[in-house]
Amino acid sequence: MEQVLLSFDFGLKRIGVAVGNTVTRRARPLTVIAAESNDAKFAAIGALLAEWKPARCIVGLPFHPDGAEHEMTVRCRRFANQLHGRFGVDTALVDERYSSAVLNGRRGEAIDDQSAALILQQYLDEKESS
């Protein structure tokens, strides 16, 4: 049975969003949320959840290269908890240490949606091999 998945590359200024499903096992960039207020960000997320009706939301979890947590690790965990609490959607966290390295050559561009697609693709690939 096909399940739609949304993934989020959470940032303080922008949140990248990607979509994929468990049948094609392919992720693609969807949008970048760049709202100013938290309420506006969550309203935009709510609209995406209503449109796509995902079975699960995947949130990228950043770490230092050595695996240590930092401020954004904590913020991303909180964001995943807020998704679950506000919208009742299942969430999963994915170590995103290596996804940003793939896109590093493109600084200055809004690549958050592509980062979200890499995070989701990593999740799908890990699920396929397990």
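Sequence positions are assigned chain by chain, starting from 1 and proceeding in written order. Given that this is a predicted model, residues contribute local features only at a pLDDT of at least 70 and side-chain atom pairs are listed and counted only at 80 or more, while totals for whole chains, interfaces and linings are drawn from all residues. With hydrogens and water excluded, all non-hydrogen atoms of the structure serve as input to the side-chain values.

### Description of the overall build of the chain
Runs of H or I in DSSP of at least four residues are treated as helices and runs of E of at least two as strands, each being numbered from the N terminus. Each helix and strand counted, the chain has four helices and five strands in total. When the elements of the chain are put in sequence order from the N terminus, they spell out β-β-β-α-β-α-β-α-α. Residues count as neighbours in contact if any of their non-hydrogen atoms are within 4.5 Å of one another. A fraction of 60% describes how many contacts in the chain between residues 6 or more apart in sequence connect residues 24 or more apart.

### What to know about the nonpolar core
Leu6, Phe8, Ile45, Phe79 and Leu83 are the most contacted members of the largest nonpolar core, which totals 21 residues. When residues of this core are traced back to their parent elements, those giving at least two are strand 1 (4-10), strand 2 (15-21), helix 1 (38-52), strand 4 (56-61) and helix 2 (71-87). In contact with Ile45, not counting residues within four places along its chain, are Phe8, Ile15, Ile33, Phe79, Leu83 and Phe87. Ranked by size, the runner-up nonpolar core spans twelve residues in total, among them Ile58, Val94, Ala116 and Leu120. Put simply, buried Ala, Val, Leu, Ile, Met, Phe, Trp, Tyr and Cys residues joined by side-chain atoms within 4.5 Å make one nonpolar core. The rule is simple: take the accessible area with a 1.4 Å probe, protein chains only, and divide by the maximum for that residue type; under 20% is buried, over 50% is exposed, in between is partly exposed.

### Structural notes on the environment of Gly60
Positionally, Gly60 belongs in strand 4. Note on Gly60: relative accessible area 0%, which makes it buried. For Gly60 and Thr73, which are 13 residues apart along the polypeptide, the C-alpha to C-alpha distance reads 9.0 Å. Apart from residues no more than four positions distant in its own chain, Gly60 is found in contact with Phe8, Cys76, Val94, Glu96 and Ile119.

### As for the environment of Leu61
Along the chain, Leu61 falls in strand 4. According to the relative accessible area criterion, Leu61 is buried, its value standing at 5%. In this structure, the C-alpha to C-alpha distance between Leu61 and Asp9, residues 52 residues apart in sequence, is 8.3 Å. With residues up to four places along the chain from it excluded, the contact list for Leu61 reads Thr73, Cys76, Arg77, Leu93, Val94, Asp95, Glu96 and Arg97.

### Structural notes on the packing of helix 1 against helix 2
Their axes nearest at 12 Å, the elements helix 1 and helix 2 cross at an angle of 60 degrees. In this view, helix 1 runs oblique relative to helix 2, as classed from their interaxial angle. When the axes of helix 1 and helix 2 are compared, the crossing they make is right-handed. Mapping the contact onto sequence places Phe42, Ile45, Gly46 and Leu49 in helix 1 and Phe79, Gln82, Leu83, Arg86 and Phe87 in helix 2. What counts as an axis is a line fitted to C-alpha atoms, over the stretch in contact for a helix, and the angles between N-to-C directions run from 0 to 180 degrees. Angle categories are assigned with fixed cut-offs, so that under 35 degrees is roughly parallel, over 145 is roughly antiparallel, 65 to 115 is roughly perpendicular, and the rest are oblique. Take the far helix as your reference; a near helix turned counterclockwise from it by less than a right angle gives a left-handed crossing, and one turned clockwise gives a right-handed crossing.

### Topic: the packing of aromatic side chains
Aromatic pairing here means that ring centres of Phe, Tyr or Trp (its six-membered ring) are within 6.5 Å. Orientation follows from the plane angle: under 30 degrees is stacked, over 60 is edge-to-face, and everything else is tilted. Under the criterion given, the structure shown has four aromatic pairs. With centroids separated by 5.7 Å and ring planes inclined at 70 degrees, the aromatic side chains of Phe8 and Phe79 adopt a geometry described as edge-to-face. Here Phe8 is found in strand 1, whereas its partner Phe79 is found in helix 2, with 71 residues between them in sequence. With relative accessibility at 0%, the residue Phe8 sits in the buried group. Where Phe42 meets Phe87, the ring centres are 6.3 Å apart and the plane angle is 35 degrees; that geometry is what we call tilted. Placement of Phe42 in helix 1 and of Phe87 in helix 2 is noted, with a sequence separation of 45 residues between them. Phe42 sits in the buried class, given a relative accessible area of 6%. When its relative accessible area of 31% is taken as the criterion, Phe87 is described as partly exposed. Taken together, the aromatic side chains of Phe8, Phe10, Phe42, Phe79 and Phe87 make up a single cluster linked through ring pairs.

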